[in-house]
Amino acid sequence: MSILSGHARVAGIAGWPVTYSRSPRLHGFWLQRHGIDGAYIPLAIRPGEFATAVRGLLAAGFAGANVTIPHKIAAFEVCDTIDETAQRAGAVNTLVFGDGKIAGSNTDGYGFVANLHAHGGQPGAGPVLLLGAGGSARAVAAALLDAGAPVTVANRTLARAEALASDLPGLRIAEWDARVAVLADHALVVNATPLGMVGHAPLDLDLSRAPASLVVADNVYVPLETPLLAAARAQGLRCVEGLGMLLHQAVPGFRAWFGIEPRVDDELRRFVASDLLAQ
Ligand SMILES: NC(=O)c1ccc[n+]([C@@H]2O[C@H](COP(=O)([O-])OP(=O)(O)OC[C@H]3O[C@@H](n4cnc5c(N)ncnc54)[C@H](OP(=O)(O)O)[C@@H]3O)[C@@H](O)[C@H]2O)c1
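Because the structure is predicted, anything quoted here is derived from the model rather than measured.

*Asks:* Teacher, can you tell me more about helix H9 (residues 227-234) here?
*Replies:* For an α-helix, 3.6 residues make a turn, and residues three or four places apart therefore share a direction. Within H9 the residues assigned to the buried category are Leu228, Leu229 and Ala232. The arc that holds every buried residue of H9, seen down its axis, measures 95°, which confines them to one face. Looking at the buried residues of H9, the elements they touch are strand S10 (188-191), strand S11 (215-218) and strand S12 (238-240). Directly after H9, the chain includes Gly236, whose backbone phi takes a positive value near 80°.

Okay, here's the thing in structure tokens:
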């Protein structure tokens, strides 16, 4: 445990429940690696008390906070400024405090694209098939469209895909049941559903006729290697695992709060993964 001085910078993650969050472990690793006089703590904030609690953190001199379920929408109300990443993602996951003001952003899309790069993929390499139209799909869709990729979304509930497409001009829609048929025309497929996660059914996506150049990304990171990634790897396709997205999305917040650009590398990945494997 490091000893803090009176100058320590403090940030944390606001959620309810927050006990399962890996963010304190992740940011704690970077704080220790860089010998920073600072702390990152879990902030268990009940629904309905978010605005009061966050204004209290601001008044108490916190540097900022991450925001997770169920507060990502409520966070809009408490922010003085909201950047385009949060507007486009429809959710705020990072708060930066400065000059008595709260700035909100969303780093999930950044995390997805940075992780794709780290695995040798390019967001603009060709058409993307995005499976799912929930919170993470929205952030990923916006980031990929911004990177110039043509993006098609397929979602079990068509109306939700249509709502996403009306919020993000340029987004195309495919039927959920047509996902295998349209796969051949795509350079990247992204699973942004919980399918394949521990406790959920695997994603039903036959890759046997997929082009050899297809990149397969799974946002699910428990387990680290989902059935989808295992199938893709067995077929020699390039895989992009979800844990990297979690690690990369934390970079902008850490940089803003603690003033250092942290590195996502194998040592960090092993440290966070060992906690997931212990579950
Ligand atoms: N790696 C990371 O950093 C990261 C970040 C965020 C999320 N994630 C992971 O990504 C996954 C999705 O998270 P989220 O926050 O986007 O969830 P969400 O907002 O609840 O959205 C879930 C999406 O999955 C679809 N879905 C759920 N069950 C399904 C089923 N049985 N069959 C077909 N579609 C189904 C939903 O479709 P309907 O509209 O039809 O309900 C919806 O589009 C989770 O596993 C989460 O852990 C990872």
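*Asks:* Would you take a moment to explain the site of the ligand for this structure?
*Replies:* Ala133, Gly135, Ser136, Asn155 and Thr157 are the nearest of the 21 residues found near the ligand. Within the backbone of Ala133, a nitrogen or oxygen atom sits 2.8 Å from an oxygen atom of the ligand. Contacts to the ligand include Asn219, whose backbone N or O atom sits 2.9 Å from a nitrogen atom. Mapped by element, the contributors of at least two residues to the shell around the ligand are helix H6 (135-146) and helix H10 (242-249). Among the elements that line the shell around the ligand, the one with the most residues is H10, at three residues. Here the shell around the ligand is composed, by residue class, of ten nonpolar, nine polar and two charged.

*Asks:* I'm lost on the sheet that holds strand S9 (residues 172-175) in this one. Help?
*Replies:* In space, the six strands of this open sheet follow the order S9-S8-S7-S10-S11-S12, with parallel pairing throughout. Of all strands in the sheet, those with a lone pairing partner are S9 and S12, marking the two edges. With direction set aside, neighbouring strand axes in the sheet form an average angle of 20°. The pairing of strand S7 (residues 128-131) with strand S8 (residues 151-155) spans four bridges and is classified as parallel. For Val128, the partnering residue across the bridge sits in S8 and is Val151. Sheet contacts for helix H5 (residues 108-118): S10, S11 and S12; angle to S10, the most-contacted strand, approximately 130°.

*Asks:* I'm lost on the pairing of strand S6 (residues 101-105) in this one. Help?
*Replies:* Pairing geometry for strand S4 (residues 81-82) and S6, over two bridges, is parallel. Bridge pairing in S6 links Ile82 to Gly104. In the sheet, strand S5 (residues 94-98) pairs with S6 via five bridges, with the strands oriented antiparallel. Bridge pairing links Phe97 to Ile102 in S6.

*Asks:* Even after reading the chapter, I still don't get H6, so can you show me in this structure?
*Replies:* The end-to-end C-alpha distance of H6 is 17 Å, a good match for the 16 Å that twelve residues give at a rise of 1.5 Å each. With nine of twelve residues buried, H6 is to be regarded as a mostly interior element. Within H6, burial applies to Ala137, Arg138, Ala139, Val140, Ala141, Ala142, Ala143, Leu144 and Leu145. Following H6 by one or two positions, Gly148 adopts a phi angle in the positive range, close to 95°.

*Asks:* Would you mind showing me how to read the environment of Leu246 here?
*Replies:* Note that Leu246 resides in helix H10. For Leu246 and Tyr221, which are 25 residues apart along the polypeptide, the C-alpha to C-alpha distance reads 8.5 Å. Not counting the four nearest positions on each side in its chain, Leu246 is found in contact with Arg22, Leu26 and Tyr221.

*Asks:* What exactly am I supposed to notice about the sheet that holds strand S1 (residues 9-15) here?
*Replies:* What holds strands together in a sheet is hydrogen bonding between their backbones, with the strands either parallel or antiparallel. Reading across the sheet, the six strands line up as S2-S1-S3-S5-S6-S4 and stay open at both edges, with mixed pairing between neighbours. Only two strands of the sheet have a single partner each, and these edge strands are strand S2 (38-44) and S4. One ladder, built from three bridges, connects strand S3 (residues 64-67) with S5; its direction is antiparallel. When the sheet's bridge partners are listed, Gly64 is paired in S5 with Val96. Lying over the sheet, helix H1 (residues 23-33) contacts S1, S2 and S3, oriented at roughly 175° with respect to S2. Docked against the sheet, helix H2 (residues 50-59) engages S1, S2, S3, S5 and S6, running at close to 40° with respect to S5.

*Asks:* What's the story with the pattern of salt bridges in this structure? I'm lost.
*Replies:* A full pass over the atoms with the stated rule returns ten salt bridges. Across the pair Arg22 and Asp275 runs a salt bridge, and its minimum N-O distance is 3.1 Å. Placement of the pair is Arg22 in the loop between S1 and H1 and Asp275 in helix H12 (residues 266-277), with a sequence separation of 253 residues. Looking at Arg22, the relative accessible area reads 13%, which means it is buried. Through salt bridges that share partners, Arg33, Arg263, Asp265 and Glu267 make up one connected network.

About the cut-offs
Residues numbered from 1 in each chain as written. Predicted model: local features only at pLDDT ≥ 70, side-chain atom pairs only at ≥ 80, totals over all residues. Heavy atoms only, no water. Buried < 20%, exposed > 50% of the residue type's maximum accessible area, 1.4 Å probe, protein only. Helix = DSSP H or I, 4+ residues; strand = E, 2+ residues; numbered from the N terminus. Arc of directions from axis to C-beta. Contact = heavy atoms within 4.5 Å. Near = heavy atom within 4 Å. Polar contact = N/O pair within 3.5 Å; in protein donor to acceptor, adjacent residues only side chain to side chain. Nonpolar A, V, L, I, M, F, W, Y, C, P; charged D, E, K, R; others polar. Pairing = 2+ DSSP bridges. Axes fitted to C-alpha atoms, helices over the stretch in contact; angles between N-to-C directions. Expected span 1.5 Å × (residues − 1). Salt bridge = Lys/Arg side-chain N within 4 Å of Asp/Glu carboxyl O.

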